[in-house]
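# Topology and contacts: notes
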Amino acid sequence: MLATATTPEFKPSIAAKTNTSASNWIEKIITIARSNFLDKELKNTSESKDSCSVTIKEVGPFIKICRIEYEGKVYKIFGIEKSHQSEIDPAF
Amino acid sequence: MKTEKVSQIVGDSFPFSERGTLIAKQKTTEFIDANKENIFLYGATGRSGVCADANGTINLILDERPDLRNQFVGNIVDEHTVIATKPKPEGWGCTISSHLQNFILVYSATPQATVKFGDDPISDILTNAISLCLEGGVQTLKQITDLLNKHVPVVVVTKLRELAENCDPITKYPYLSAADFLMTIKKSIRSTLSTENAEKLVQTYFLDHALFNNKKGANSDAGTKQNLYDQFIKQFMENRVWEKLNFLTTEIKSLTVSVLNFSVFDPSDYAGYLTVLICKAKIIINVMRLK
């Protein structure tokens, strides 16, 4: 049995394995969000194949927000095209 | 982001020492708890573990306190974030806290993803509230200068690095730390400083500090660092940033007092003057309410 199961007070130290994870989910999120941001027509989609639901809307000049439901989590991604960063109104 | 206070946490992308990581984690936690109402921007990808870098430190905190996830927004870019998060040797072996769910993605309008780390100044544009700097190299120095120029207060934390791994192999001089550099300049200022004397202070700092690894020379990222430094020094001199170092402190809790304690102040700087007046007015109102 793991030490964590027998010691209720156990708190993972800084050396303990963390919940940080590798690339697959972030790559997926970036790919989905990017393709939606680049699509000139804002289309909300639901891809049952990847158990993924995407909602997208424009929230200000040059800034869109993409809501992605993926593997039971909801991700919110603000998308800004590189060349328009200086035109963003910080109060969007 | 309407009416939101947006803070930023920046710093080293090279891991701190083991002890430095613990201090960074403690200071960052104090900073977050002292600014509970704020949204925190940070570069989502980092190195976590016993020795973490600045972003990795935040990921460690999020892993331990997932309840904070709604306050954090990770900066990502379409090319480098994907490469950085792939395991070595294919990628750079960086990680992101799996609890992080809010992101700002800077993307390229081309078929290929081409946006690299450093191509995303949007986080500096959005930052409007007290920020935290954990050591930091020349890119961080440029960011901090941008923030100070906007009169955004910055808390700096130093002595997080393993010195043996953070010095130039030829000269043995420690590498530039944005936090240490700005605090050194701040401590050296006794009264109003001329441009010439400010330049001398900068030169004195670099008598025993290295900007990059001289052994690697032109084959390394020395060119990029020199370019960033040139941009920084131009901005530092032109905007007389040394006159805004009252917005810089090492103390998380006593910052309000530090920010208001102007010893060097340019009367033509109306924006800064107005900021101070508003801060003072808010404090007076709060004190009157307490009475």
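Procedures and definitions
Residues numbered from 1 in each chain as written. Chains lettered and ligands numbered in written order. Predicted model: local features only at pLDDT ≥ 70, side-chain atom pairs only at ≥ 80, totals over all residues. Helix = DSSP H or I, 4+ residues; strand = E, 2+ residues; numbered from the N terminus. Buried ≥ 20, exposed ≤ 12 C-beta atoms within 10 Å, placed from the backbone. Contact = placed C-beta atoms within 7 Å. Nonpolar A, V, L, I, M, F, W, Y, C, P; charged D, E, K, R; others polar. Core = buried A, V, L, I, M, F, W, Y, C linked by C-beta atoms within 7 Å. Pairing = 2+ DSSP bridges. Axes fitted to C-alpha atoms, helices over the stretch in contact; angles between N-to-C directions. Parallel < 35°, antiparallel > 145°, perpendicular 65-115°, else oblique. Left-handed = near helix turned anticlockwise from the far one by under 90°. pLDDT = per-residue confidence, 0-100.

Scanning chain B from N- to C-terminus turns up 10 helices and 7 strands. With 291 residues in all, chain B has 40% of them scored as buried. Long-range contacts, defined here as pairs at least 24 residues apart, represent 72% of the contacts in chain B between residues at least 6 apart.

A few words now on the overall build of chain A. Tallying secondary structure elements over chain A gives 2 helices and 4 strands in all. Helices and strands in chain A line up, N terminus first, as α-α-β-β-β-β. Per-residue burial over chain A gives 25% buried out of 92 residues. Of all intrachain contacts in chain A linking residues separated by at least 6 positions in sequence, the fraction that spans at least 24 positions is 35%.

What follows is about the interface of chain A and chain B. Taken together, the 30 residues of chain A in the interface contact 40 residues of chain B. Among the secondary structure elements, those contributing two or more residues to the side of chain A that touches chain B are α2 (23-38) and β4 (73-81) of chain A. It is β4(A) that contributes the most residues to the side of chain A that touches chain B, 9 residues altogether. Of the residues that constitute the side of chain A that touches chain B, the class distribution is 17 nonpolar, 7 polar and 6 charged.

This brings us to the nonpolar core. Ranked by size, the top nonpolar core spans 75 residues in total, and within it A:A33, A:I77, B:F103, B:L105, B:C133 and B:V154 carry the most contacts. Take this core: its biggest share by element is 6 residues, from α2(A). Those residues in contact with B:F103 that lie beyond four places of it in its chain are A:Y75, A:I77, A:F78, B:A44, B:V73, B:G74 and B:I76.

Our focus in this paragraph is the pairing of β4(A). Across 8 bridges, strand β3 (residues 63-70) of chain A lies against β4(A) in antiparallel orientation. From the neighbouring strand, A:I65 faces β4(A), where its bridge partner is A:F78. Sheet topology note: the β4(A)/strand β4 (residues 102-107) of chain B ladder contains 6 bridges and is parallel. Paired with A:G79 across the strands is B:L105, a residue of β4(B).

Moving on, we get to the packing of helix α5 (residues 138-149) of chain B against helix α8 (residues 222-238) of chain B. Residues and elements named next belong to chain B. Two elements in contact, α5 and α8, have axes separated by 9 Å at closest approach and are oriented at 20 degrees. Judged by the angle between their axes, α5 and α8 are roughly parallel. Relative to α8, α5 is oriented so that their crossing is left-handed. Residues V138, Q139, L141, K142 and T145 of α5 pack against K225, L228, Y229, Q231, F232, Q235 and F236 of α8. Looking at the contact of α5 with α8 residue by residue, the classes come out as 6 nonpolar, 4 polar and 2 charged.

Turning our attention to the packing of helix α1 (residues 18-34) of chain B against helix α2 (residues 54-64) of chain B. Residues and elements named next belong to chain B. Contact geometry for α1 and α2: axes closest at 10 Å, N-to-C directions at 65 degrees. The way α1 lies across α2 gives a crossing that is right-handed. Packed against α1, whose contacting residues are T21, A24, K25, T28 and T29, the element α2 presents T57, I58, L60 and I61 at the interface. Partitioning the contact of α1 with α2 into residue classes produces 4 nonpolar, 4 polar and 1 charged.

Take the environment of B:K187 next. All names here are of chain B. Turning to its location among the elements, K187 is positioned in helix α6 (residues 178-188). A count of 9 C-beta atoms within 10 Å places K187 in the exposed class. Taking the C-alpha atoms as reference points, K187 and G49, 138 residues apart in sequence, are found 34 Å from one another.

Residue and element names in this part refer to chain B. Here α2 lies mainly inside the structure; 10 of its 11 residues are buried. Among the residues of α2, A54, N55, G56, T57, I58, N59, L60, I61, L62 and D63 are the ones counted as buried. Looking at the buried positions of α2, the neighbouring elements they touch are β1 (6-11), α1, β2 (39-43), β3 (72-77) and β5 (131-134).

As a further point, take unusual backbone geometry. Residue B:K88 is joined to B:P89 through a cis peptide bond whose omega torsion reads 0 degrees. Although it is not a glycine, A:F62 sits at a positive phi angle of roughly 70 degrees. Despite not being glycine, A:E71 shows a phi value in the positive range, around 50 degrees. Mapped onto the secondary structure, A:E71 falls in the loop between β3 and β4.

The predicted structure's coordinates, where accompanied by low pLDDT, should not be read in detail. Residue and element names in this part refer to chain A. Considering every residue of chain A, the mean pLDDT works out to 74; 64% of them sit at 70 or more. Here helix α1 (residues 3-6) is the element of chain A with the lowest mean pLDDT, 34, and β4 is the one with the highest, 95. Counting contacts from residues 1-21, a segment whose pLDDT is below 50, to residues more than four positions away or on other chains yields 25 contacts.

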